[in-house]
Amino acid sequence: AVFRERYAGTRLGRQELAGELLEDVQGALWTRAMIEAARHEGPVPAMRRVVIGVDPSGSDGTSGDCQGMVAVGLGFDGLGYVLADRSDRLSPDGWAKRVVELYHRHRADRVVAEKNYGGAMVESVLRAAAPNLPITMVTASRGKAVRAEPVAALYEQGRVRHAEPFPELEDQMVMMTPAGYAGGGSPDRLDALVWAFTDLFLND
């Protein structure tokens, strides 16, 4: 029971408890070992800044890709923390409310959302849910892999921790290669993570 509790969601737990075979993709930006090295034990420290990353999709909540919604923070210890992954397939009203809920729960400073999918619609949906929400709209002018590489480098440098296991997010991370995403569907959770950490660490 202690093993199950401690290792649930980690590579070891998923292989030993669930019988999953988890292999690294050749040339992936993240490896399972990098993610395991980023595991954080115990309570997270106080946060200097928290950002909610949002990767919208054209889904109406019944089909299509999920909306990526990930909370990340910069601790007073100088490390980045993945605090929550609340990605889901929801209606526009549903995902906007989920973002606002994440924003308040983690006392975030800003919401960073990609505007390529739906343009002004994304911001207007968020504003309808919370008129005073501090939103930065970002444009994906480069490919997903190019955007992800600097964030993967933060992991390589030991500057990021995961507050808990995030199996779905981590599965997307290890499928991102310099040539693009090797998984099925859209790396929605990973996109949200990349937007948030880019704002937190790389936009100074």
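Residues numbered from 1 in each chain as written. Predicted model: local features only at pLDDT ≥ 70, side-chain atom pairs only at ≥ 80, totals over all residues. Heavy atoms only, no water.

When helices and strands are counted, the chain shows eight helices and eight strands. When each of the 204 residues of the chain is scored for burial, the buried share is 47%. Pairs at least 24 apart in sequence give 67% of the contacts found in the chain among residues at least 6 apart. A total accessible area of about 9600 Å² is found for the chain, and carbon and sulfur atoms account for 49% of it. (Helix = DSSP H or I, 4+ residues; strand = E, 2+ residues; numbered from the N terminus. Buried < 20%, exposed > 50% of the residue type's maximum accessible area, 1.4 Å probe, protein only. Contact = heavy atoms within 4.5 Å. Areas by Shrake-Rupley, 256 points an atom, 1.4 Å probe, with all protein chains shown as cover.)

Below, the discussion takes up the nonpolar core. Counting residues in hydrophobic clusters, the biggest one holds 33 residues, and the most contacted among them are W30, V82, Y155, M173, L193 and F197. Elements supplying a minimum of two residues to this core: α3 (32-37), β2 (68-75), α6 (144-156), α7 (167-173) and α8 (188-201). Among the elements that make up this core, the one with the highest residue count is α8 (nine residues). For M173, the contacting residues outside a window of four places in its chain are W30, I35, Y155, H162, L190 and L193. If you look at the next biggest cluster of nonpolar residues, it comprises 26 residues, including A71, L83, L102 and V122. (Core = buried A, V, L, I, M, F, W, Y, C linked by side-chain atoms within 4.5 Å.)

The next point concerns the packing of helix α4 (residues 92-105) against helix α5 (residues 120-129). Think of two packed helices as two axes; the pair is described by the angle between the axes and how far apart they sit. As a packed pair, α4 and α5 sit with axes 9 Å apart at the nearest point and diverge in direction by 65°. With respect to the hand of their crossing, α4 and α5 are arranged in right-handed fashion. From α4, P92, W95, A96, K97, V99 and V100 reach across to α5, where they touch V122, V125, L126 and A129. Grouping the constituent residues of the contact of α4 with α5 by class yields nine nonpolar, no polar and one charged. (Axes fitted to C-alpha atoms, helices over the stretch in contact; angles between N-to-C directions. Left-handed = near helix turned anticlockwise from the far one by under 90°. Nonpolar A, V, L, I, M, F, W, Y, C, P; charged D, E, K, R; others polar.)

Below, the discussion takes up the side chain of D199. Here D199 lies in helix α8. Within polar-contact distance, the side chain of D199 engages the side chain of R49 at 2.8 Å. Setting aside its immediate chain neighbours within four residues, D199 contacts R49, V51 and V112. (Polar contact = N/O pair within 3.5 Å; in protein donor to acceptor, adjacent residues only side chain to side chain.)

What follows is about the sheet that holds strand β3 (residues 80-85). Read from one edge of the open sheet, six strands run β5-β4-β1-β2-β3-β6, paired in mixed fashion. Because the sheet does not close on itself, it has two edges, and the strands there are β5 (135-138) and β6 (160-162). For this sheet the average axis-to-axis angle between neighbouring strands, irrespective of direction, equals 25°. This element, α5, spans β4 (110-114) and β5 of the sheet and lies at about 165° to β5. Together, β1 (47-55), β2, β3, β4, β5 and β6 form the strand contacts of α8, whose direction differs from that of β2 by roughly 30°. (Pairing = 2+ DSSP bridges.)

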